[in-house]
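Analysis of the macromolecular model
Listed below, chain by chain, are the residues.
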Amino acid sequence: GENVEQHPSTLSVQEGDSAVIKCTYSDSASNYFPWYKQELGKRPQLIIDIRSNVGEKKDQRIAVTLNKTAKHFSLHITETQPEDSAVYFCAASSKLYSSASKIIFGSGTRLSIRP
Amino acid sequence: EAGVAQSPRYKIIEKRQSVAFWCNPISGHATLYWYQQILGQGPKLLIQFQNNGVVDDSQLPKDRFSAERLKGVDSTLKIQPAKLEDSAVYLCASSLKGDNEQFFGPGTRLTVL
């Protein structure tokens, strides 16, 4: 079935450095790729998303790149801050039928920012 | 706008007992999801509704789990009977449609003893 793989599972970076999380997906028809941030004990919240008609999207310190040919996409966080510490999930859409899609989540990356 | 509401927030039961969770999505959102999130893992989709119809329940353990979305608004998820491995956070989410931003509720933390 459809699958989304995410790496690394844990990532520790020095405050101010950049963090990169990578995901691959299996469904070549996927066209929507959201990223969610989940702080400890809280609900997942969307931080950025990208659709397949663009290759890159940026929002302040966060950017996402998409390579549809290789079926992989990445999250880039620059100038990391302590509040960036959380678990990050990538996800990819998967078509169910003509008018319905579902979202498949990766297994998550626990990002820790060292002061 | 009001967010996705879920109740209860916490539930502790013994194995073989029954439990039910309730979700009220954001007004106007046609798509409603139930996810199971086991500690340290990503959310796993159990069932997805489009209005009051099921569009995907391929990962729902139908021998013990059931869900409904009467009138295409609120939804309930039931487990009967519960097993130890059902201990998890059950997240409800809603979106305008299937490939749009999902808004998650606070979740129900279930502990099965």
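Presented here is an overview of the structure given in this document. (Residues numbered from 1 in each chain as written. Chains lettered and ligands numbered in written order. Predicted model: local features only at pLDDT ≥ 70, side-chain atom pairs only at ≥ 80, totals over all residues. Heavy atoms only, no water.)

Helix and strand counts for chain A come out as 0 helices and 11 strands. In chain A, the succession of helices and strands from N to C terminus is β-β-β-β-β-β-β-β-β-β-β. By the compact-globule yardstick of 13 Å for 115 residues, chain A fits well, its C-alpha radius of gyration being 14 Å. Across its three principal directions, the C-alpha atoms of chain A cover 50 × 30 × 20 Å. Within chain A, buried positions represent 44% of all 115 residues. Long-range contacts, defined as pairs at least 24 residues apart, comprise 53% of the intrachain contacts of chain A with a sequence gap of at least 6. Of the roughly 5,800 Å² of accessible surface on chain A, a fraction of 46% belongs to carbon and sulfur atoms. Averaging the coordinates of the 14 positive side-chain charges in chain A and doing the same for the 12 negative ones gives two points 5 Å apart. (Helix = DSSP H or I, 4+ residues; strand = E, 2+ residues; numbered from the N terminus. Rg over C-alpha atoms; globule rule 2.2 N^0.38 Å. Buried < 20%, exposed > 50% of the residue type's maximum accessible area, 1.4 Å probe, protein only. Contact = heavy atoms within 4.5 Å. Areas by Shrake-Rupley, 256 points an atom, 1.4 Å probe, with all protein chains shown as cover. Lys, Arg positive; Asp, Glu negative; His and termini not counted. Charge placed at Lys NZ, Arg CZ, Asp CG, Glu CD.)

Often the size quoted for an interface is simply the accessible area lost on bringing the parts together. Taken together, the contact between chain B and chain A spans 21 residues of the former and 18 residues of the latter. Between chain B and chain A lies a buried interface of about 1,700 Å² when both sides are counted; carbon and sulfur atoms form 51% of it. Note that Asp56 of chain B is salt-bridged to Lys102 of chain A, the shortest N-O span being 3.6 Å. One can count 5 residue pairs in polar contact (both at pLDDT 80 or more) joining chain B with chain A. (Buried area = accessible area lost by both parts, 1.4 Å probe. Salt bridge = Lys/Arg side-chain N within 4 Å of Asp/Glu carboxyl O. Polar contact = N/O pair within 3.5 Å; in protein donor to acceptor, adjacent residues only side chain to side chain.)

Here the focus is the packing of aromatic side chains. Counting across every chain of the model gives 13 aromatic pairs over all chains. A ring pair is formed by Phe89 of chain A and Phe105 of chain A, whose centres lie 6.5 Å apart and whose planes are at 85 degrees; its orientation type is edge-to-face. Of this pair, Phe89 of chain A sits in strand E9 (residues 86-97) while Phe105 of chain A sits in strand E10 (residues 100-105), and the two are 16 residues apart along the sequence. For the pair Phe89 of chain A and Phe105 of chain A, one class covers both residues: buried. Between the aromatic rings of Phe65 of chain B and Tyr90 of chain B, the centroid separation amounts to 6.4 Å while the plane-to-plane angle is 40 degrees, which identifies the pairing as tilted. Here Phe65 of chain B is found in strand E7 (residues 65-68), whereas its partner Tyr90 of chain B is found in strand E9 (residues 88-95), with 25 residues between them in sequence. Since its relative accessible area comes to 0%, Tyr90 of chain B is described here as buried. Each member of the aromatic cluster is reached from another via a ring pair, and the members are Tyr36, Phe89 and Phe105 of chain A together with Tyr33, Tyr35 and Phe104 of chain B. (Phe/Tyr/Trp six-rings, centres within 6.5 Å; stacked < 30°, edge-to-face > 60°.)

Now for the state of the cysteines. All names here are of chain A. Using the criterion set out here, one finds 2 disulfides over all chains in the structure. The disulfide that involves Cys23 links it to Cys90, with 2.0 Å between the sulfurs. On the S-S bond that ties Cys23 to Cys90, the torsion sits near -100 degrees, and the link is left-handed. Of this pair, Cys23 sits in strand E3 (residues 19-25) while Cys90 sits in strand E9, and the two are 67 residues apart along the sequence. Taking the relative accessible area as the measure of exposure, Cys23 reaches 1% and is therefore buried. A residue is classified by how much of its surface remains accessible, and Cys90, at 0% relative accessible area, is buried. (Disulfide = S-S within 2.5 Å.)

Read these as layout, nothing more, since geometry by itself doesn't imply function.
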